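One letter stands for each residue in the lines below.
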Amino acid sequence: MVNKMEDFSEIINWENVEKQKENYHNSKPFKFAFIEDFFKKDFYDKLYETYPKIDDSWTPSTHMAKNIFMKNWSTTDAGIVQKGDDPSFSKEWNKFKRYAESPEFIEHFRKMTNVPVNRLKQFKLMAYRKGGFHVPHIHNDGPSTLIFTLYFSKGWQKGDPGGTYVCSDVDDVNSIVYEPDNLDNSAILFHDGPHASHGVRIIKKDVIRQGLQIYLEEYSEEFGWTAGDDVTTKEERNLVDIS
């Protein structure tokens, strides 16, 4: 649970986040933003240093459409992240997760995007090795979902695949509109919707792209999640994980 007295001021560079507000609202073909130096340096270095190595605690998600490794935070049977800490992660990762589920963190992005998110839905590590990829796809789960990928990969070369790209046509890999290549302390976020097409080009070098996926979404006690839970979602579509 979030301690209202806990100090989270060491974590996020909110000035850098706010600088991307105009870009987010003006972006095409859907609303997205890329944020560099997302974390304050000292805190980022601790997250980077304690980013878990891929081992048996990770789950491979491999088929014709993607090749990804995932490490979930504690979740419910419906795939929703549980509140509170996970002892398999470092104290810095637990602190950031507590912040990500706090009203303060969520309010920042609600104001930036004008999307009525009010709760953390997913928080999981996603990593790609050599041969990793994700074909262009669209979730379109609901109107009130923000999806983030945060990057923890130093030394990524300009032009190399691995960043989550934005494209205008889900059936055309040549329709890439934007692809980040600074994957060291950066983040891409987008508003989920019918045009939010994205993917990851196949990684051909012997490298590991380290990332974290976060979902913020609107939730009510009466109606639940605006996009449903994983049980509902998996019945509606086959591709459920993003880069």
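What counts, and where the lines are drawn
Each chain carries its own residue numbering, running from 1 in the written order of its sequence. With the structure being a predicted model, the display of local features is reserved for residues of pLDDT at least 70 and the display and counting of side-chain atom pairs for 80 or more, all residues being used for whole-chain, interface and lining totals. As a convention, hydrogens and water are excluded, and side-chain values are obtained from all of the structure's heavy atoms. Axis definition: a line fit to C-alpha positions, over the contact stretch in the case of helices; interaxial angles, taken between N-to-C directions, run 0 to 180 degrees. What counts as a helix is a DSSP run of H or I of at least four residues, what counts as a strand is a run of E of at least two, and both are numbered from the N terminus. In this scheme, roughly parallel covers angles under 35 degrees and roughly antiparallel covers those over 145, while 65 to 115 is roughly perpendicular and the rest are oblique. The contact definition used throughout considers only heavy atoms, calling two residues in contact when any of these lie within 4.5 Å. Within 3.5 Å is the distance limit for a polar contact, defined as a pair of N or O atoms, with the added protein rule that one can donate a hydrogen and the other accept it, and that residues adjacent in sequence qualify only through two side-chain atoms. Put simply, a nonpolar core is a bunch of buried Ala, Val, Leu, Ile, Met, Phe, Trp, Tyr and Cys residues held in one set by side-chain atoms that sit within 4.5 Å of each other. We call a residue buried when its accessible area falls under 20% of the maximum for its residue type, exposed when it is over 50%, and partly exposed in between, using a 1.4 Å probe and counting protein chains only. Counting rule applied: Lys, Arg positive; Asp, Glu negative; His and chain ends not counted. Salt bridges are defined by distance alone: a side-chain nitrogen of Lys or Arg within 4 Å of a carboxyl oxygen of Asp or Glu. The directions from the helix axis to the C-beta atoms are what the arc is built from.

**Concerning the packing of helix α4 (residues 91–100) against helix α5 (residues 103–113)**
Thinking step 1. Running from amino to carboxyl end, α4 crosses α5 at an angle of 60°, the nearest separation of the two axes being 6 Å. Comparing the axis directions of α4 and α5 gives the class oblique. Contacts between α4 and α5 involve F96, Y99 and A100 from the former and E104, F105, I106 and H108 from the latter.

**A closer look at the side chain of T113**
Thinking step 1. On the secondary structure map, T113 appears in helix α5.
Thinking step 2. Within the structure, T113 has its side chain in polar contact with the backbone oxygen of F109 (distance 2.6 Å).
Thinking step 3. Side-chain polar atoms of T113 contact the backbone nitrogen of V115, separated by 3.2 Å.

**Remarks on the nonpolar core**
Soluble, globular proteins show a tendency: their nonpolar side chains are buried together.
Thinking step 1. F39, F96 and F109 are the most contacted members of the largest nonpolar core, which totals 43 residues.
Thinking step 2. Among residues more than four places away in sequence, those in contact with F96 are I11, I12, F39, F43, F105, F123, L150, L212 and I214.
Thinking step 3. Core analysis: the second largest hydrophobic core is formed by 18 residues, F30, F32, M70 and L183 among them.

**A closer look at the side chain of E92**
Thinking step 1. As for its position among the elements, E92 is in helix α4.
Thinking step 2. Although E92 lies buried, it forms no salt bridge, and the closest oppositely charged side chain, K91, sits 4.4 Å away as judged by the N-O distance.
Thinking step 3. Each residue touching E92, except ones within four places of it in the same chain, is listed here: F43, K46, L47 and T50.

**With respect to α5**
Thinking step 1. Of all the positions in α5, only F105, I106, F109, M112 and T113 are classed as buried. Projected onto a plane normal to the axis of α5, the buried residues spread over an arc of 125° and lie on a single side. Seen from the buried face of α5, the exposed residues on the opposite side, beyond 90 degrees, are P103 and K111.
Thinking step 2. Trailing α5 by a residue or two, N114 shows a phi angle of about 65°, which is positive.

Everything listed here is a matter of geometry and, on its own, says nothing about what the molecule does.
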